[in-house]
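# Per-entry structural report
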Amino acid sequence: MENLEYERLAWALLYGHIAIIVIGGFITVLSQNLVRALVGLIMTLFGVAGLFFLMAAPFIALMQILIYVGAVSVLIFFAIMLTSAWPGGDESGTISVRKIIFAGLAAIAPAIFLGMAAILKPPPSFLIPDEIEVGILGRFFLEDFILPFELISLLLTVAMAGAVVLAFEMRRKK
Amino acid sequence: MSVMTIYHLVAIFLLCIGIFGIAYRRTLIGIVLSIELILNGAGLSIMASAQLTPAPNELGQVGTLLVMGIAAAEATLLLAIFLVVSRRFKNVEAGKLITMRG
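Worth saying up front: this structure is predicted, and the values here are computed from it rather than measured.

Let us now look at the overall build of chain A. Helices and strands together make up the secondary structure of chain A, namely 6 helices and 0 strands. Starting at the N terminus and ending at the C terminus, chain A contains elements arranged as α-α-α-α-α-α. A compact globule built from 174 residues should have a C-alpha radius of gyration of about 16 Å, whereas chain A, at 21 Å, is more than 25% larger. Out of the 174 residues in chain A, the part that is buried amounts to 23%. For chain A, long-range pairs separated by at least 24 residues make up 52% of all intrachain contacts whose partners lie at least 6 apart in sequence.

Structure below.
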């Protein structure tokens, strides 16, 4: 009896998070105000973090909140503030029906093909994933996956150096 | 329908709405928001494929972390590029940026 209730709770959590993701996604794409669109993106990111928790990967879910909600969203907010994309500015105004139709068609094509592939040929899967410890994950990173780990740090360093160089280049020209 | 299929359908939804946003949005920042949606869908799909199948779980978690790292690096660089573009062209609308010369 108790197990059944837990299972119901799990399904409710799953569909609740999916609803958050769907609503947030539509706000992100359709809102005319860019700050509001960013809030929609944050909503989606929280929903995906909840799905990571449900998949028994709490470390990745916390990383999702830390990196995406904490860092990437703030960066995008700075981009909104520092460029002149003010609310009610660039994104407002009517958008031609042709553009909406083309955008819809571009979105529907992968939905049909990938959705059919996911529904018709699902690989065997379990209902309940097992959780692995963070220590095992760290060992995996530093033993088997040391090269991608180092490469991603190199990528971050290069991206940051490139950002600084770009910003300083502009100042020197002035 | 298994749980993994549901997760994959959510990931496909994120991909499709991201593609819709890239085609629909007018400013570069709106396009970046859509790209973040797509990257998140990719992470979700990788994670579901590894956690709910016999594949090793570490692989999916590491892959998702790498996707997040790439997204962070991309956001850093794009912020600088938008700064330069907005100073040089006075706006960030994708349709109006038609020259590469400064």
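We now examine the overall build of chain B. Counting its secondary structure elements, chain B contains 3 helices and 0 strands. Walking chain B from its N terminus toward its C terminus, one meets helices and strands in the order α-α-α. A compact globule built from 102 residues would reach a C-alpha radius of gyration of about 13 Å, whereas chain B, at 17 Å, exceeds it by more than 25%. C-alpha extents for chain B along the principal axes are approximately 55 × 25 × 15 Å. Residue burial in chain B is summarised as follows: out of 102 residues, 59% are buried. Sequence-distant contacts, at least 24 apart, represent 48% of the contacts inside chain B between residues at least 6 apart.

Once that is clear, we can look at helix H1 (residues 2-30) of chain A. In a regular helix each residue adds 1.5 Å, so 29 residues correspond to 42 Å; H1(A) covers 42 Å between its end C-alpha atoms and thus fits that length. Along H1(A), the residues that are buried comprise A:His17, A:Ile21, A:Gly24, A:Gly25, A:Thr28 and A:Val29. Its buried side turned inward, H1(A) meets helix H2 (34-54) of chain A together with helix H1 (3-24) and helix H2 (28-51) of chain B.

Here the focus is the environment of A:Thr28. Assignment of secondary structure puts A:Thr28 in helix H1. Each C-alpha atom of the pair A:Thr28 and A:Pro148 lies 31 Å from the other, and the pair is 120 residues apart in sequence. Beyond its immediate sequence surroundings of up to four residues, A:Thr28 is in contact with A:Ala37, A:Gly40, A:Leu41, A:Thr44, B:Gly21, B:Leu33 and B:Leu37.

The N-to-C vectors of helix H3 (residues 58-82) of chain A and H2(B) enclose an angle of 170 degrees; their axes lie 11 Å apart at closest approach. As judged from the angle between their axes, H3(A) and H2(B) are roughly antiparallel. Two secondary-structure elements touch here, H3(A) through A:Ile60, A:Val72, A:Ile76, A:Ala79 and A:Ile80 and H2(B) through B:Ile29, B:Val32, B:Leu33, B:Glu36 and B:Met47.

On to H1(B). The first and last C-alpha atoms of H1(B) sit 31 Å apart over 22 residues, in line with the 32 Å expected at 1.5 Å per residue. Counting buried residues in H1(B) gives 18 out of 22 residues, a clear majority hidden from the surface.

Each partner contributes residues to the interface: chain A has 73 residues there, and chain B has 63 residues. Elements represented by at least two residues in the side of chain A that touches chain B include exactly H1, H2, H3, helix H4 (97-120), helix H5 (134-143) and helix H6 (146-173) of chain A.

Criteria and thresholds
- Residues numbered from 1 in each chain as written.
- Chains lettered and ligands numbered in written order.
- Predicted model: local features only at pLDDT ≥ 70, side-chain atom pairs only at ≥ 80, totals over all residues.
- Helix = DSSP H or I, 4+ residues; strand = E, 2+ residues; numbered from the N terminus.
- Rg over C-alpha atoms; globule rule 2.2 N^0.38 Å.
- Buried ≥ 20, exposed ≤ 12 C-beta atoms within 10 Å, placed from the backbone.
- Contact = placed C-beta atoms within 7 Å.
- Expected span 1.5 Å × (residues − 1).
- Axes fitted to C-alpha atoms, helices over the stretch in contact; angles between N-to-C directions.
- Parallel < 35°, antiparallel > 145°, perpendicular 65-115°, else oblique.

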